[in-house]
Amino acid sequence: MTAALPLSLFASERVYAKIYPQAVANNLAILKRALAREDGGDAPRVWATVKADAYGHGVAHIMAGLRAADGLAVMHLTDAHICRDAGWSGPILVMAGLAHASEIALLDMPDLHLLLSREPQLQWLAAAPALRATPTVWLRFRGDIGMVGFDAASYRSAYAQCQSLAGTGRIGGQIGHLNHFGSAERADGIDEACDRFQAVTHDLPGPRSTSNSAAIMRHRGHAAMNDWVRPGLTLYGASPLADRSAADLGLLPAMSLHARVLDIRTLAAGDRIGYGGNFQAPSPLTVGLVNCGYADGYPRHAPAGTPVMVAGQLTRTLGTVTMDLMTVDLTGLNADVGAPVVLWGDPKLPVERVAASMGTIAAELLTGLTRRVPLLTAPIS
Ligand SMILES: *Cc1c(COP(=O)(O)O)cnc(C)c1O
């Protein structure tokens, strides 16, 4: 429903997100440095995780920042085709593998890696016609999250079935082994999960991949011994660790979300504003009306007091977010009608901090922008 308007108008008057592929390139370099091995061995290769359209940043918008990635990890096979269309010619890991037997038709692509998590996927591959480009497969261990993947009892029989698929030319390359941690941000969060994965896979040949952003930043020694790692959040500049800020880790935000002050109201103590008079001023307040609401993806459940930046100054939200508007505290601030507002993504207003004060996580905010929010890409140098 967004008619073609000049981007300059969006950029000045409407909610928009700015996307920084240069930040993604910076964050990838930081990750690669963190993964260097002390024994001089080969550092792991990096699957840049771009599921959910690059965590809401738009794969095409950040592609220029991904040149140093060794592969891209997407959720669905259709996403792999979108990455190819956006110019990515390297390896692609499809984390949902095959969603249905009919997706066999989408496999005809070089350098495709399929993550298999369920028995039917093996049967669909076994029944597939001979493919011109044979996919490489990885097996997913159910791990400590316990949601998807082969459990300890079925993993090795899945591996044996993959070996016979390789024998009939349905798949190529070495069979990989993948685990995903549920508590990698904790100092003791991966030990048990590693032991269980190790017990099932220790004598099987093939590459291994265990580590997401939190595992790379918290457990560098373990992460560096992977053949491939799978960072997502850190690529986009958010810290995966509650006790380390993105700035501490050298990460730069790859998205900032922008709005404007539409109007300014002065409230006396006791005055109410919002649906149902839900906000009552405890003392005289200057209130800014900001043109961003839950229909843009700024959550309605954000409590009053969520940090926000107006004309470069940190302040807080007031009252309940509506579909198209929110209110912010301008008391004592230097801000006029038209003042620029940053909802998240300024280095002084990291998305993970905004998310924490709303009781959610950065990835939910980043992936939650709605279709009416245009993404404007900053040039890469
Ligand atoms: C999303 C995802 C990742 C990336 O996780 P981050 O915490 O964003 O780094 C890695 N592996 C799998 C299997 C995932 O689903």
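What counts, and where the lines are drawn
- Residues numbered from 1 in each chain as written.
- Predicted model: local features only at pLDDT ≥ 70, side-chain atom pairs only at ≥ 80, totals over all residues.
- Heavy atoms only, no water.
- Helix = DSSP H or I, 4+ residues; strand = E, 2+ residues; numbered from the N terminus.
- Rg over C-alpha atoms; globule rule 2.2 N^0.38 Å.
- Buried < 20%, exposed > 50% of the residue type's maximum accessible area, 1.4 Å probe, protein only.
- Contact = heavy atoms within 4.5 Å.
- Areas by Shrake-Rupley, 256 points an atom, 1.4 Å probe, with all protein chains shown as cover.
- Lys, Arg positive; Asp, Glu negative; His and termini not counted.
- Charge placed at Lys NZ, Arg CZ, Asp CG, Glu CD.
- Patch = residues over 30% accessible without salt bridge, like charges linked within 9 Å, V, L, I, M, F, W, Y side chains within 5 Å.
- Salt bridge = Lys/Arg side-chain N within 4 Å of Asp/Glu carboxyl O.
- Core = buried A, V, L, I, M, F, W, Y, C linked by side-chain atoms within 4.5 Å.
- Domains from an automatic or database assignment.
- Phe/Tyr/Trp six-rings, centres within 6.5 Å; stacked < 30°, edge-to-face > 60°.
- Near = heavy atom within 4 Å.
- Polar contact = N/O pair within 3.5 Å; in protein donor to acceptor, adjacent residues only side chain to side chain.
- Nonpolar A, V, L, I, M, F, W, Y, C, P; charged D, E, K, R; others polar.
- Pairing = 2+ DSSP bridges.

Undergrad: What am I meant to see in the overall build of the protein chain here?
TA: Along the protein chain, the regular secondary structure elements total 13 helices and 18 strands. Computed over C-alpha atoms, the radius of gyration of the protein chain comes to 23 Å, within 12% of the 21 Å expected from 2.2 N^0.38 for 381 residues, which places it in the range of a compact globule. Along the first, second and third principal axes, the C-alpha atoms of the protein chain reach 75 × 45 × 40 Å. When the 381 residues of the protein chain are sorted by exposure, 51% land in the buried category. Long-range pairs, those at least 24 residues apart, make up 63% of the contacts in the protein chain with a sequence separation of at least 6. Of the roughly 16700 Å² of accessible surface on the protein chain, a fraction of 54% belongs to carbon and sulfur atoms. Each charge sign in the protein chain was given a centre, from 31 positive and 32 negative side chains, and these centres are 2 Å apart.

Undergrad: Please clarify how a nonpolar patch on the surface should be interpreted in this entry.
TA: Together, Ile145, Met147 and Val148 give the surface a local cluster of nonpolar side chains, amounting to about 280 Å² of exposed area. Structurally, Met147 can be placed in the loop between strand 6 (136-140) and helix 7 (155-167).

Undergrad: Help me understand the nonpolar core, please; the structure alone is not making it clear to me.
TA: One broad rule of soluble globular proteins: the nonpolar side chains tend to lie buried together. In terms of nonpolar packing, the biggest core is built from 104 residues, with Val50, Leu125, Leu343 and Trp344 touching the most fellow members. Formed jointly, this core draws a minimum of three residues from each of two domains, domain 1 (21-236) and domain 2 (255-377). If we skip the residues at most four places from it in the chain, Leu125 touches Leu98, Ile104, Leu107, Leu114, Leu116, Val137, Leu165, Arg170 and Ile171. The next biggest cluster of nonpolar side chains, apart from the first, holds eight residues, and it includes Leu93, Leu115, Trp138 and Leu178.

Undergrad: Help me out: how do you make sense of the packing of aromatic side chains in this one?
TA: The description of an aromatic ring pair uses the distance of the two centres, along with the angle that the planes make with each other. Across all of its chains, the model carries six aromatic pairs by this definition. Relative to Tyr155, the ring of Phe141 has its centre 5.9 Å away and its plane inclined at 75°; by these criteria the two rings are edge-to-face. In this pair, Phe141 sits in the loop between strand 6 and helix 7 while Tyr155 sits in helix 7, placing the two residues 14 residues apart along the sequence. Using a relative accessible area of 5% as the deciding quantity, one classes Phe141 as buried. Tyr155 gets classed as buried once you look at its relative accessible area, which sits at 0%.

Undergrad: What is the right way to look at the pattern of salt bridges in this model?
TA: Here the idea is simple: oppositely charged side chains can pair when their charged atoms come close. Counting across every chain of the model gives twelve salt bridges. A salt bridge links Arg186 to Asp188; the shortest N-O distance between them is 3.1 Å. You can call Asp188 partly exposed: its relative accessible area is 48%. With its nearest N and O atoms 2.9 Å apart, the salt bridge here joins Arg372 to Asp324.

Undergrad: Even after reading the chapter, I still don't get the site of the ligand, so can you show me in this structure?
TA: What surrounds the ligand is the set Thr49, Lys51, Tyr55, Met95, Arg140, His180, Asn212, Ser213, Arg230, Pro231, Gly232 and Leu233. One of the side-chain N or O atoms of Tyr55 is found 2.5 Å from an oxygen atom in the ligand. Between the ligand and the protein, one listed contact pairs an oxygen atom with a side-chain N or O atom of Ser213 at 2.6 Å. Classifying every residue of the shell around the ligand gives four nonpolar, five polar and three charged.

Undergrad: What exactly am I supposed to notice about the pairing of strand 1 (residues 16-19) here?
TA: Look at any regular strand and the pattern is simple: side chains alternate between the two faces of the sheet. One ladder, built from four bridges, connects strand 1 with strand 10 (residues 255-267); its direction is antiparallel. For Lys18, the partnering residue across the bridge sits in strand 10 and is Ser256. Sheet topology note: the strand 1/strand 18 (residues 375-377) ladder contains three bridges and is parallel. Looking at the pairing, Lys18 lines up with Leu376 of strand 18.

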